[in-house]
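Topology and contacts: notes
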Amino acid sequence: MTELLQRMMQEQLDGVLADEQVSELYQRLNEDEDAAAQFARLGQVDRLMSNPPFARAPQRLAATIMARLAQTVQQQTETEDMPDEVRQALHMSVSLVILAMTPMMVAASWMVLNARYNPKLLTRVLERTIALMVMMIQALIFLLEETEQMARRHPDKAALAFSLIPVVLMGMLEYVYGTQNNGEAGVKAPEWVM
Amino acid sequence: MSALLIVLPGANVAEVDSTILEWVALARQGDQDAFAELVYSFQDAVYNLCYRMLGERTEAEDATQEAFLRAYLHLNRYDTARSFKTWLLSIASNHCIDRLRKRRMKWMSLDEPLPSGNALAISSDEPTPEEATLKSERGAIIQHLLDELPPDYRAAVVLRYWYDYSYTEIAETLETTESAIKSRLFRARQTLADKLRPSSPIPSDRMTSLLEGN
């Protein structure tokens, strides 16, 4: 079947085939049994799908949408209400935290690479590294949420609170590497990390 | 505030355009009541699209909510020269396509067989009167057939048959070209026609009576 015939069949079904092409289409279909059968099947589909049942929205849907909208707008407003200095401090501390965590990620990769020839050690290193990283991430989320709450209550102390997050994170990082280096003989974090 | 407008498929959108634009302008200034009018006016159109795309009532409700939230948050991107309904349906259809793709990835990752259209149509929730109507034999067969189509094809078919959209309007809604839409519609119809063959799981005598009934 040619592309032109397919296009004509399609346009005829959608009622947009030009009048002068309609007779050409039926002439072609008379000459091509396969195409005629195909067109009949497409016509069946078209009739089945015409005027299909329409699903109406449940009664409560609009109210639910507006409730969710109000909640979203309130959250946005709360964030926008933060003083500029607080928002800057928040962004700065998040950037510093990411910077602080980068060497940890590199160190984790380094340790995994060093332990790759010892399956038992590799398993232990992986388990320990994943557990520590999960702990760090959860601690970070907790710190940020608590600090954000405090910033809303006491905007004047927000900058100080945010600036302490990287310090706390670095302290935790030091503890983590201390544990890692003492606990896993033969697999140490590189010295340049700390 | 103006009286409530229910914009159903086939309604003359041009007649209500000025009211819609007025509501959009107010909503852009943060007037939630104006946006509520838009929600009331278009919730059926958006919900029907989501229901037909996703085949499940609860998920369709969630997708409708998400579509309206996205519309509100990006209201400044709406070009008032275009139809608001088309813009809204564009957001909804793209969101539904994303959901279907994620659903497919989830199934693939779980290495489970894809559920049949009937499985999707069955809901543990008590059906509403509207849904009872939808669950008529013809509605069930149509939904079953739709579920067999890839997300992009399904969106084109729903916009063509439920919203009576032209190729241009479908292309605008799905952010693609008219030729791509023509191709999708043709392939979609071919796929559906194959499903309607005697070897399909739908009993041929029932199918015949349904087709003759149209």
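See the structure printed just above.
All of the points below concern the structure found in this document. As the structure is a computational prediction, the values presented were derived from the model and not from experiment.

Glancing now at the overall build of chain B. Helix and strand counts for chain B come out as 11 helices and 0 strands. Listed N to C, the secondary structure of chain B is α-α-α-α-α-α-α-α-α-α-α in terms of helices and strands. For chain B, the residues scored as buried account for 49% of the 214 residues in total. Intrachain contacts of chain B at a sequence separation of at least 6 include 66% that bridge at least 24 residues. In the form shown here, chain B has an accessible surface area of approximately 10,100 Å², with 49% of it arising from carbon and sulfur atoms.

Let's shift gears to the packing of aromatic side chains. All names here are of chain B. Scanning all chains against the criterion turns up 10 aromatic pairs over all chains. Ring geometry for Phe84 versus Trp87: centroids 5.7 Å apart, planes at 45°, classification tilted. With Phe84 and Trp87 both in helix α4 (residues 84–110) and 3 residues apart, the pair spans about one turn of that helix. Both residues of the pair, Phe84 and Trp87, count as buried. An aromatic cluster of three or more residues is present, and its members are Phe42, Tyr78, Phe84 and Trp87. Looking at Arg160, its charged tip hangs above the ring of Tyr161, at a distance of 5.5 Å from the centre.

Here the focus is the nonpolar core. One finds Met49 of chain A together with Phe35, Met53, Phe84 and Tyr163 of chain B to be the most contacted residues of the largest nonpolar core, which totals 82 residues. Take this core: its biggest share by element is 14 residues, from helix α2 (residues 32–54) of chain B. Residues within four places of Met49 of chain A in sequence aside, it is in contact with Arg138, Ile142, Leu146, Val157, Tyr161, Trp162 and Leu192 of chain B. Counting residues in each nonpolar core, the second largest holds 9 residues, with Val97, Leu140, Leu143 and Leu169 of chain A among its members.

It is worth spelling out the environment of Asp31 of chain B at this point. Inspection of the secondary structure assignment puts Asp31 of chain B in the loop between α1 (13–28) and α2. On the basis of relative accessibility, which here comes to 25%, the residue Asp31 of chain B falls in the partly exposed class.

Rules and cut-offs
- Residues numbered from 1 in each chain as written.
- Chains lettered and ligands numbered in written order.
- Predicted model: local features only at pLDDT ≥ 70, side-chain atom pairs only at ≥ 80, totals over all residues.
- Heavy atoms only, no water.
- Helix = DSSP H or I, 4+ residues; strand = E, 2+ residues; numbered from the N terminus.
- Buried < 20%, exposed > 50% of the residue type's maximum accessible area, 1.4 Å probe, protein only.
- Contact = heavy atoms within 4.5 Å.
- Areas by Shrake-Rupley, 256 points an atom, 1.4 Å probe, with all protein chains shown as cover.
- Phe/Tyr/Trp six-rings, centres within 6.5 Å; stacked < 30°, edge-to-face > 60°.
- Lys NZ or Arg CZ within 6 Å of the ring centre and 35° of its normal.
- Core = buried A, V, L, I, M, F, W, Y, C linked by side-chain atoms within 4.5 Å.

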